[in-house]
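Structure assessment
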Amino acid sequence: MDLSFTEQEQAFRAEAREWLRANVPGQLPSLDTAEGFERHREWEHLLHDAGWAVVNWPAKYGGRDATLVEWLVFEEEYYAAQAPRRVGQNGIFLLAPTMFEYGTEDQRERFLPRMAHGDDIWAQAWSEPGAGSDLAALRSTATRVEGGWRLSGQKTWSTRAAYADWAFGIFRTDPDVAKHKGLTYFLFPLNAEGVTVRPIRQLDGEVGFAEIFCDDVFVPDADVLGEPGQGWSIAMSTTGSERGLTLRSPGRFMATADRLVQLCTSLGADVDPAVSAAVAQCWIDAEAYRMFTLENVGRVLAGEQLGAESSLNKLFWSQLDIDLHETALRLLGPTAPLTGAAPAVTEGGRWLDDYLFALAGPIYAGTNEIQRNVVAERVLGLPRG
Ligand SMILES: Cc1cc2nc3c(=O)[nH]c(=O)nc-3n(C[C@H](O)[C@H](O)[C@H](O)COP(=O)(O)OP(=O)(O)OC[C@H]3O[C@@H](n4cnc5c(N)ncnc54)[C@H](O)[C@@H]3O)c2cc1C
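Let me sum up the structure you'll find in this document. Keep in mind that this is a model prediction, so the values were computed, not measured.

Structural notes on helix H5 (residues 105-117)
- If you check H5, its first and last C-alpha atoms are 18 Å apart, about what 13 residues at 1.5 Å a residue would give, namely 18 Å.
- Bending of H5 peaks at approximately 25° at the position of Phe-111, with proline Pro-113 no more than four residues after it.
- Within H5, the full set of buried residues consists of Gln-107, Arg-108, Phe-111, Leu-112, Met-115 and Ala-116.
- Elements in contact with the buried residues of H5: helix H2 (34-49), helix H4 (89-102), strand S1 (122-125), strand S4 (166-172), strand S5 (183-189) and strand S8 (224-225).
- Where H5 terminates, the next one or two residues include Gly-118, which has phi positive at roughly 85°.

Details of the side chain of Asn-296
- Note that Asn-296 resides in helix H8 (residues 273-301).
- Ignoring sequence-local partners within four residues, the contact set of Asn-296 consists of Leu-245, Leu-306 and Asn-313.

Topic: helix H6 (residues 231-243)
- Taking 1.5 Å per residue, 13 residues should reach 18 Å; H6 reaches 18 Å between its end C-alpha atoms and fits that length.
- Looking at H6, one finds that the buried residues are Gly-231, Ile-234, Ala-235, Ser-237, Thr-238, Thr-239, Ser-241, Glu-242 and Arg-243.

Some details on the packing of helix H7 (residues 250-266) against helix H9 (residues 310-332)
- As a packed pair, H7 and H9 sit with axes 10 Å apart at the nearest point and diverge in direction by 15°. Regarding the angle of H7 to H9, the classification is roughly parallel. H9 is crossed by H7, and the crossing has left-handed handedness. Listed contacts from H9 to Arg-252, Phe-253, Thr-256, Ala-257, Leu-260, Leu-263 and Cys-264 of H7 are Trp-317, Leu-320, Asp-321, Leu-324, His-325, Thr-327, Ala-328, Leu-331 and Leu-332.

Regarding the pattern of salt bridges
- One pass over the structure, following the stated rule, counts 26 salt bridges.
- Of the charged contacts in the structure, one is a salt bridge between Arg-64 and Glu-15, with a shortest N-O distance of 3.5 Å. In this pair, Arg-64 sits in the loop between H2 and helix H3 (68-80) while Glu-15 sits in helix H1 (residues 7-23), placing the two residues 49 residues apart along the sequence.
- Since its relative accessible area comes to 27%, Arg-64 is described here as partly exposed.
- A relative accessible area of 43% places Glu-15 in the partly exposed class.
- A salt bridge links Glu-287 to Arg-290; the shortest N-O distance between them is 3.2 Å. In this pair, Glu-287 and Arg-290 are both assigned in helix H8, 3 residues apart and thus about one turn of the helix distant.
- By relative accessible area, Arg-290 is classed as buried at 14%.
- Residues joined in a network through salt bridges with shared partners are Arg-13, Arg-17, Glu-76, Glu-77, Glu-287 and Arg-290.

Concerning the packing of H4 against H5
- One way to put it is that H4 packs onto H5 with a least axis distance of 11 Å and a crossing angle of 160°. It follows from the interaxial angle that H4 and H5 lie roughly antiparallel. Of the two possible hands of crossing, H4 and H5 adopt the one that is left-handed. Contact with H4, carried on its side by Gly-91, Ile-92, Leu-95, Ala-96, Met-99 and Phe-100, involves Gln-107, Arg-108, Phe-111, Leu-112 and Met-115 of H5 and no other residues of that element.
- Here the residues of the contact of H4 with H5 sort into 8 nonpolar, 2 polar and 1 charged.

Description of the pairing of strand S2 (residues 141-145)
- Across 5 bridges, S2 lies against strand S3 (residues 148-159) in antiparallel orientation. Across the sheet, residue Arg-144 finds its bridge partner in S3, namely Trp-149.
- Here S2 hands over to S3 after 2 residues, with Gly-147 in that stretch at a positive phi of 80°.

Side note on a nonpolar patch on the surface
- On the surface, Leu-312, Val-379, Leu-380 and Leu-382 cluster together into a nonpolar patch covering about 330 Å² of accessible area.
- Along the polypeptide, Leu-382 turns up in the segment after helix H11 (368-379).

Rules used in this analysis
Residues numbered from 1 in each chain as written. Predicted model: local features only at pLDDT ≥ 70, side-chain atom pairs only at ≥ 80, totals over all residues. Heavy atoms only, no water. Helix = DSSP H or I, 4+ residues; strand = E, 2+ residues; numbered from the N terminus. Expected span 1.5 Å × (residues − 1). Bend = angle between axes of the 7 residues up to and from the residue. Buried < 20%, exposed > 50% of the residue type's maximum accessible area, 1.4 Å probe, protein only. Contact = heavy atoms within 4.5 Å. Axes fitted to C-alpha atoms, helices over the stretch in contact; angles between N-to-C directions. Parallel < 35°, antiparallel > 145°, perpendicular 65-115°, else oblique. Left-handed = near helix turned anticlockwise from the far one by under 90°. Salt bridge = Lys/Arg side-chain N within 4 Å of Asp/Glu carboxyl O. Nonpolar A, V, L, I, M, F, W, Y, C, P; charged D, E, K, R; others polar. Pairing = 2+ DSSP bridges. Patch = residues over 30% accessible without salt bridge, like charges linked within 9 Å, V, L, I, M, F, W, Y side chains within 5 Å. Areas by Shrake-Rupley, 256 points an atom, 1.4 Å probe, with all protein chains shown as cover.

Pasting the structure below:
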């Protein structure tokens, strides 16, 4: 097996690194604030105009026709450069792959270029108060009317929906068939008549989520993704992206592992050998995840579908993220809880902040308990519990 990058990939890496070095801004305000959201949107515009927003998309939608391997290379450079978080991630990494697979050409032309440029930031409107793990239990409905559908019901935990422009949601269009069968996938603007977005304030005071209430919201037929009744299988394609290749690329964890090694090195001889060993294990795990992902990309390029195996991926990256940050807090010892401008704080408290977010990893994108069920039943073929 040849694990080296081609000359073209290395040239691509050098070009990306140079552009990022020259253009990555200093720290932006949190994207869970109104101001931070817009500052991150401006960054998306800049990325797009330089051709880096969606490198592996076709040029006609705003990409540069890069290969999947080049996309992974870009992600490595992006995270190594400590570039801003991608405010458009739900659209770019979750909806877009689904739209390439199931969308009409009209939908791709209307939505993808605006998504790539950051004009439309998308939110995922799936979960409901009574439908999280058991998503197919959702109760929001869509009723047929002339020229389209009327949406009603409540969605919750919609990341970035407080400031986003559009949502992709699943609604029940046929209550008389089995629960996985009567669902349809809709695209709707969050400023449409009948939509109420209620921000959810987190413990840190910022607005990372929102509830979305739909009260007889009209959606034209042209904004149904796929066929009515096909919502579940299309949603499974989105979750394949969420758990598999696109949402959490290895670059994110490798950059964190490198920062962890630097933190450990900066503390010199004072580090407990058990903690040094944990640092080494984290770095090895991040590298293993990178190798595993490259292997997956090879399989995808050979025409294979990852299917239920994407659950393995999700289990691995979510645990890795916790391990990386927990190890950093162990290294920081008594100064770990410091935040902001406190004397003796490290990186403004970023390790603690990111640790708290890492704790959500086993919940979002489908909880890890559910992913273990998927691995047990559909990857290993064990009997249902
Ligand atoms: C940071 C974050 C971002 C999110 N962003 C979005 C978003 O943008 N859009 C969106 O639609 N949703 C989003 N969610 C919601 C997320 O998808 C749900 O929280 C998740 O699917 C779990 O659903 P639930 O919260 O209703 O928990 P429940 O489904 O009620 O589960 C509660 C517990 O029971 C366990 N459990 C449930 N069923 C089983 C079973 N059959 N076997 C074993 N254990 C089981 C679960 O693993 C969990 O531990 C987000 C969540 C988080 C934390």
